[in-house]
Amino acid sequence: TFISQTSSSDDIKTPSPTDKSTEPTPLSIAMNSVNRGYWFAIPRSQGDHLYAFFLQWSPSIYGKECDDSDYSASDHGFVVVETGDDRDSDEPSWCGDQRSPAVIPEALGHEVKKDWEVVSKIVHKGHRRSWVGGLMPLPELSEDSQLISPIQVLAMCRQLPARTEGQSWNLIYSTFRDGFSLSTLYRSNHAVDSCVLLLVKDSDEFLFGALLSERLKVSEGYYGNGQSFLFRFRPQLEVYRWTGENNFFIKGDLNYLVIGGGRGTFGLWLDRDLYHGRCRVCDTFNNDILSGDEDFNIISIEAWCFV
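Residues numbered from 1 in each chain as written. Predicted model: local features only at pLDDT ≥ 70, side-chain atom pairs only at ≥ 80, totals over all residues. Heavy atoms only, no water.

Q: What exactly am I supposed to notice about the packing of aromatic side chains here?
A: Geometrically, a pair of aromatic rings is defined through the distance of the ring centres and the angle of the planes. Enumeration over the complete set of coordinates arrives at eight aromatic pairs. Plain terms: the ring middles of Trp169 and Phe306 are 5.5 Å apart, the flat faces sit at 80° to each other, and that makes the pair edge-to-face. Of this pair, Trp169 sits in strand β8 (residues 169–174) while Phe306 sits in strand β17 (residues 295–306), and the two are 137 residues apart along the sequence. Since its relative accessible area comes to 2%, Trp169 is described here as buried. Each ring, one from Tyr222 and one from Phe248, has its centre 4.7 Å from the other, and the planes form 25°; the classification is stacked. In this pair, Tyr222 sits in the loop between β10 (207–212) and β11 (229–233) while Phe248 sits in the loop between β12 (237–241) and β13 (250–252), placing the two residues 26 residues apart along the sequence. For Tyr222, a relative accessible area of 29% corresponds to the partly exposed category. In textbook terms, an aromatic cluster arises when at least three aromatic residues are bridged by ring pairs, as seen for Trp169, Trp304 and Phe306. (Phe/Tyr/Trp six-rings, centres within 6.5 Å; stacked < 30°, edge-to-face > 60°. Helix = DSSP H or I, 4+ residues; strand = E, 2+ residues; numbered from the N terminus. Buried < 20%, exposed > 50% of the residue type's maximum accessible area, 1.4 Å probe, protein only.)

This is the structure:
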């Protein structure tokens, strides 16, 4: 397998042969003929497996089928090359850009279209993963959540920053376990070095919250970045991302916690006792009202970090 990362085709270099009469390989010719940042090449025998992997993880991107006879591989960043024994074979190898959203169905046959039976658990890089519905891995949770279901966890995983992929969810705060106290919530975040998922359930049984780009802490002003977002389940997950209007992401005070703001309103506001809360439309996320009412009573809160 060959992998190269560059910013343009001008940066792609091939080793200088000691014998100047040596001809360039078909792979090097293909790589230097197209402007691509990321390249990979795979043997014929692994094509079906790689495609099936893409389908399992990103069916909306890699699941595009094409039976059009006018289909052009080069238009989608794929180049047919012959390497080694392939020169005497009728079956090509495939080389492509990892950013390319298309596939070459002619090279994959029909086996990849069948339903795949996925094992219940696998071990990868020290993290145990469960498979739900044969669709995507369920992250390992340090404890069972009292608020979010496995299906909702899967929906949330699709929205989390890439840096959380493959990481376990660690419950650092729960009102069921730790009581209702904003200062306790701050203390639970003291050693956190990841983004934080804050879940809130109100007295109307609505579940909502925020993904925070940094740990919760007492601060003089707003902090965080555009990876933060607000969300609610109604019942499907609805996500409200940064609009770019301002940088009012997170503000921690001993008497309240604010997420999102602008023009005197807050996207999500929680009091020091974690008993009362308030939701408004804010410029930071242009969100809908997250809770059942603008002013609500809190039933439970959970905070999760990623390790």
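Further notes follow.
Q: Would you take a moment to explain the state of the cysteines for this structure?
A: Working definition: the covalent bond between the sulfur atoms of two cysteines is a disulfide. Applying the stated criterion across every chain, the model contains zero disulfides. Not part of a disulfide, Cys282 finds its nearest cysteine sulfur in Cys279, a span of 9.5 Å. Unpaired in this structure, Cys305 has its nearest cysteine sulfur neighbour in Cys195, at a distance of 9.0 Å. Residue classification places Cys305 among the buried residues on the basis of a relative accessible area of 5%. (Disulfide = S-S within 2.5 Å.)

Interpretation note: all reported values are geometric properties and have no functional meaning in isolation.
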